[in-house]
Amino acid sequence: MANVTAEAVEAQAGPDSRGAAGAAPGAAGDRTTRGVWPRRAGRAGRPRERDTVPRALRPGPVGRIVRGVLLAVASVVTVFPFYAMLVLSLKPGAAVSLPGSLLPWHLSGSSYGTVLDAQDVPRWLLNTVIYSVVSVVGVLVLSSLAGYAFAKKRFRGRETMFWSFLSMVMVPYHVTMIPTFIMMAKLGGVDTYWGLIIPTLANAQAVFLMRQFIRDLPDEMFEAARLDGCGELRIFVSIVLPLLKPILATLGTFVFLWHWNDFLWPLVMGQSSDMRTLTVGIASLQQQQVPLSQVLAGSVIAFVPIFAAYLAGQRYFTEGVTGSAVKG
Amino acid sequence: MAAVAERTTRPQKNRRGPHARREARIGLLFVLPCFLLFLAFRFGPGVAGLVLGFTDYTIGDTTHFTGLENFQRMVHDPLFWSSLRVTVVYSVIAVPFTVLASLALALLTRRAFRGSRLFRSVFFLPVVTSLILASTVFIWIFSTKGPWSDLMGLLGLPDQSWLTDSALVLPAIALVGIWSRCGYGMLILLARLQDVPRELEEAALMDGAGPWQRFRHIVAPQLRPAFFFLAVIETTNSFQIFDAIYVMTGGGPANASYSLVYQLYDAGFKYSDLGYASALGCVLFVMTVVVALVQRLVLGKEK
């Protein structure tokens, strides 16, 4: 899970997707107007997605019932673990056996209090926020600068640099993890925020995504600003960055999610309890035989921000997947 | 994507003017922070990781170049073969079912209807959920008195903890993998389904083709590249299975769920045997490359 982002964006950078995208006609281009996840229509006069399906291709009454049943089953299977997580976290000490334990009565929030008091959960939450937010800001700044240069500037070694970025996408993260850890051990970065964060800022996929996006921006605007005497930094800040808003939001959402859910790297780097992130902390609770309701309370605490972000920025999540993997 | 290769040069520019030099300077300046980080934390470690596989590196000790010794040791290491087997078996179970489940979800939510977007959102939710969090629930789901056991009881199977049975532990973890990944595949396939020309399907409908025939002859061929893409992504992803195992079983029972990355983690960070861990990383790298190459070959042949 930790690398949803990685591979969503990797999909775009990897040689694989080139094959995938290239082989299907008409894949690229019009995703903005015909998204998988069309914006709520009506206001702009665009027809609702539903009305554009020809009647002949809509399922008949029997088809609709079958579809309804299958969808219901799939939804229950999908949602059940979330429901169980929530309800069981509210049943401290209760025998966790079916079916009684899953009914939503006799609830008590005491597991939340216990896990927040007795464990380092608030500290882990803080660590996770720091890890995620700083990384998002860092990756966005670095990759938009580099993406702009790769897309719009000519300089010696540009292609070599760019392809060396891309070449690393094939190398599994676990291969680079060990030498990076050794380096951090020597530099004294283990168990520190900077040791945790800095290595993750080098995000080749983000640079690639930025470059692809910026390349499609019209040059004339930059030229005009330049003629008006704008400095390069000024052009970047007041012209390029505003144009990048959609891609910054999409990429930012994904980098945030990736870091929030990341496990192995924080596990390796956070040696003391104080430096754990939520995922690492919850895994450690699990191993210490902490009662289930408390572990699940911790899980809910870790899940709520992600869920809120998902509700708020669903469009960005899904654009991050389809835009990067399919558009190519 | 073909556009990647094409250079984004602006032809009418004077190459050597002061303007060009300034542009080059700015370009380098903008790329540099990212590039230096990349050299230090990706490219360097990537190369080092492959090289370390040929040494006996441990922190704080002198390092020797040992050639193929790690790999010879690997050949005689039953734990390596076991972890390789676990990784492959896991992939063989998880990948096909993930792709099939993705296809089912994509087809179910393909046509827009009342609530279709809500269903898509629901099915995608596990993808944004950390496997660590999900695993804490799935431990209970798979426990002796958990709902999974009850479900199996309805089918006449004994209620037992799937996570403590060495024959059932990988299917159980694969179920978690499928649950968490099929929303991603759904989205990829949905995107491609939008591009299936509607006229073709309508024409087939006029000719009296049923749903299965329409799927078989019109939709499936269009989806093929997306299938390959998914298969590769999911395979390389499942080669790296670690998070769920770490929380749910710790590699047990009796190493029945001890994966390659788990061994890499243990070798490197529990036994400080970083040379051997790097050699295991090389194996993972080769596996990843082979899968990508196979996919290239298959797709190349099609064109």
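Here is what the cut-offs are and how they apply
- Residues numbered from 1 in each chain as written.
- Chains lettered and ligands numbered in written order.
- Predicted model: local features only at pLDDT ≥ 70, side-chain atom pairs only at ≥ 80, totals over all residues.
- Heavy atoms only, no water.
- UniProt positions renumbered as here; feature names shortened; annotations may be inferred.
- Salt bridge = Lys/Arg side-chain N within 4 Å of Asp/Glu carboxyl O.
- Buried < 20%, exposed > 50% of the residue type's maximum accessible area, 1.4 Å probe, protein only.
- Helix = DSSP H or I, 4+ residues; strand = E, 2+ residues; numbered from the N terminus.
- Contact = heavy atoms within 4.5 Å.
- Axes fitted to C-alpha atoms, helices over the stretch in contact; angles between N-to-C directions.
- Parallel < 35°, antiparallel > 145°, perpendicular 65-115°, else oblique.
- Polar contact = N/O pair within 3.5 Å; in protein donor to acceptor, adjacent residues only side chain to side chain.
- Core = buried A, V, L, I, M, F, W, Y, C linked by side-chain atoms within 4.5 Å.
- Patch = residues over 30% accessible without salt bridge, like charges linked within 9 Å, V, L, I, M, F, W, Y side chains within 5 Å.
- Areas by Shrake-Rupley, 256 points an atom, 1.4 Å probe, with all protein chains shown as cover.
- Expected span 1.5 Å × (residues − 1).
- Phe/Tyr/Trp six-rings, centres within 6.5 Å; stacked < 30°, edge-to-face > 60°.

As annotated in an unreviewed UniProt entry, chain B carries the name Putative sugar ABC transporter permease and is attributed to Actinacidiphila reveromycinica. Among the UniProt annotations of chain B, the heading Subcellular location (unreviewed entry) holds the following wording: "Cell membrane". Quoted verbatim from the Sequence similarities (unreviewed entry) field of the UniProt record, the comment on chain B reads "Belongs to the binding-protein-dependent transport system permease family."

A.B. asks: Can you help me understand the pattern of salt bridges in this one?
C.D. replies: It is possible for side chains bearing opposite charge to pair when their charged atoms get close. All names here are of chain A. All chains considered together, the criterion is met by 8 salt bridges over all chains. Here Glu 159 makes a salt bridge to Arg 158, at a shortest N to O gap of 3.3 Å. Overall, Glu 159 belongs to the buried group, its relative accessible area being 16%. A relative accessible area of 5% means that Arg 158 is categorised as buried.

A.B. asks: Looking at this structure, I do not really get the UniProt feature "domain: ABC transmembrane type-1" (unreviewed entry) in chain B. What am I missing?
C.D. replies: Using the residue numbers shown here, the UniProt feature "domain: ABC transmembrane type-1" (unreviewed entry) corresponds to residues 84-295 of chain B. Across residues 84-295 of chain B, helical content stands at 75% and strand content at 0%; the span's end C-alpha atoms are separated by 21 Å.

A.B. asks: It is not clear to me how the environment of Asn 127 of chain A should be interpreted in this structure. Could you clarify?
C.D. replies: Residue and element names in this part refer to chain A. Following the sequence through the fold, Asn 127 ends up in helix H5 (residues 121-152). Spatially, the C-alpha atoms of Asn 127 and Phe 80 are 29 Å apart, while their sequence positions differ by 47 residues. Ignoring anything within four residues of it in the chain, the contact list for Asn 127 reads Tyr 193, Asp 274, Met 275, Arg 276 and Thr 277.

A.B. asks: What's the story with the packing of helix H7 (residues 173-187) of chain A against helix H1 (residues 18-52) of chain B in this structure? I'm lost.
C.D. replies: Packed helices, taken two at a time, are described by their axes: the angle between them and the distance between them. Taken N-terminus to C-terminus, the directions of H7 of chain A and H1 of chain B make an angle of 105°; their axes are 7 Å apart at the nearest point. Taken together, the axis directions place H7 of chain A and H1 of chain B in an arrangement best described as roughly perpendicular. Across the interface between the two elements, Val 175, Thr 176, Ile 178, Pro 179, Thr 180, Ile 182, Met 183 and Met 184 of chain A from H7 of chain A touch Ala 40, Phe 41, Arg 42, Pro 45, Gly 46, Ala 48, Gly 49, Leu 50 and Leu 52 of chain B from H1 of chain B.

A.B. asks: Just checking my understanding: could you explain the UniProt feature "transmembrane region" (unreviewed entry) in chain B for this structure?
C.D. replies: All names here are of chain B. Under the UniProt annotation, "transmembrane region" (unreviewed entry) lies at residues 26-44, 88-109, 121-142, 162-190, 226-248 and 274-294. Measuring from the first to the last C-alpha atom of residues 26-44 gives 25 Å, for a span that is 100% helix and 0% strand. Summarising residues 274-294: 100% helix, 0% strand, and an end-to-end C-alpha distance of 30 Å.

A.B. asks: What is the right way to read the side chain of Thr 235 of chain B from this model?
C.D. replies: Residue and element names in this part refer to chain B. Mapped onto the elements of the fold, Thr 235 is located in helix H9 (residues 211-239). Looking at Thr 235, the relative accessible area reads 15%, which means it is buried. Within the local environment of Thr 235, its side chain forms a polar contact with the backbone oxygen of Ala 231, the two atoms lying 2.4 Å apart. Ignoring anything within four residues of it in the chain, the contact list for Thr 235 reads Ser 91, Val 95 and Val 291.

A.B. asks: Could you clarify how one ought to interpret the side chain of Ser 257 of chain B in this entry?
C.D. replies: Residues and elements named next belong to chain B. Among the structural elements, Ser 257 can be located in the loop between helix H10 (243-248) and helix H11 (260-270). According to the relative accessible area criterion, Ser 257 is buried, its value standing at 0%. For Ser 257, the side chain forms a polar contact with the main-chain oxygen of Gly 252, separated by 2.6 Å.

A.B. asks: How should the nonpolar core be read in this particular structure?
C.D. replies: Grouped burial of nonpolar side chains is what soluble globular proteins tend to show. Counting 182 residues, the largest nonpolar core has Phe 150 of chain A together with Phe 142, Phe 242 and Tyr 246 of chain B as its most contacted members. Counting residues per element, this core draws most heavily on helix H7 (residues 169-193) of chain B, which supplies 15 residues. Every residue in contact with Tyr 246 of chain B, bar those within four places of it in the chain, is listed here: Phe 263, Leu 267, Ala 283 and Gln 287 of chain A together with Tyr 262 and Tyr 265 of chain B.

A.B. asks: Hey, could you run me through the environment of Phe 208 of chain A in this one?
C.D. replies: Among the secondary structure elements, Phe 208 of chain A is positioned in helix H9 (residues 204-215). Of the residues examined, Phe 208 of chain A reaches a relative accessible area of 1% and is grouped as buried.

A.B. asks: Sorry, what's going on with unusual backbone geometry here?
C.D. replies: Excluding glycine, residues mostly carry a negative phi; peptide bonds, for their part, are mostly trans. A cis geometry characterises the amide bond from Gly 252 of chain B onward to Pro 253 of chain B, with omega recorded as -10°. Inspection of the secondary structure puts Pro 253 of chain B in the loop between H10 and H11. Even without glycine at this site, Asp 191 of chain A takes up a positive phi of about 70°. Relative to the helices and strands, Asp 191 of chain A resides in the loop between H7 and helix H8 (193-197). Residues other than glycine seldom take positive phi values, yet Asn 255 of chain B does so here, at roughly 60°. Assignment of secondary structure puts Asn 255 of chain B in the loop between H10 and H11.

A.B. asks: I'm lost on a nonpolar patch on the surface in this one. Help?
C.D. replies: Residues and elements named next belong to chain B. Taken together, Val 286, Val 290, Val 294, Leu 297 and Val 298 make up a surface patch of nonpolar side chains, about 410 Å² in accessible area. Of note, Val 298 is situated in helix H12 (residues 274-302). Here Val 298 falls in the partly exposed class, since its relative accessible area comes to 30%.

A.B. asks: Help me out: how do you make sense of helix H12 (residues 245-261) of chain A in this one?
C.D. replies: What sets the pattern is the α-helix's 3.6 residues per turn: residues three or four places apart point alike. Relative to the 24 Å expected for 17 residues at 1.5 Å per residue, H12 of chain A spans 24 Å between its end C-alpha atoms, a close match to the ideal helical length. Most of H12 of chain A is tucked away, with 13 of its 17 residues classed as buried.

A.B. asks: Would you mind going over the packing of aromatic side chains with me for this structure?
C.D. replies: Applying the stated criterion across every chain yields a total of 38 aromatic pairs over all chains. Seen in terms of ring centroids, Phe 82 of chain A and Phe 303 of chain A are 5.1 Å apart; in terms of plane orientation they differ by 25°. Their pairing is stacked. Here Phe 303 of chain A lies in helix H15 (residues 292-312) and Phe 82 of chain A lies in helix H3 (residues 61-89), a separation of 221 residues in the sequence. The two residues Phe 82 of chain A and Phe 303 of chain A agree in class, both being buried. On the basis of an interplanar angle of 35° and a centroid distance of 6.1 Å, the ring pair of Phe 263 of chain A and Phe 242 of chain B is categorised as tilted. With Phe 263 of chain A in the loop between H12 and helix H13 (264-269) and Phe 242 of chain B in the loop between H9 and H10, this pair bridges two chains. Put simply, the rings of Phe 150, Phe 155, Phe 162, Trp 163, Phe 165 and Phe 208 of chain A together with Phe 35, Phe 38 and Phe 43 of chain B touch in pairs and so form one group of aromatic residues.

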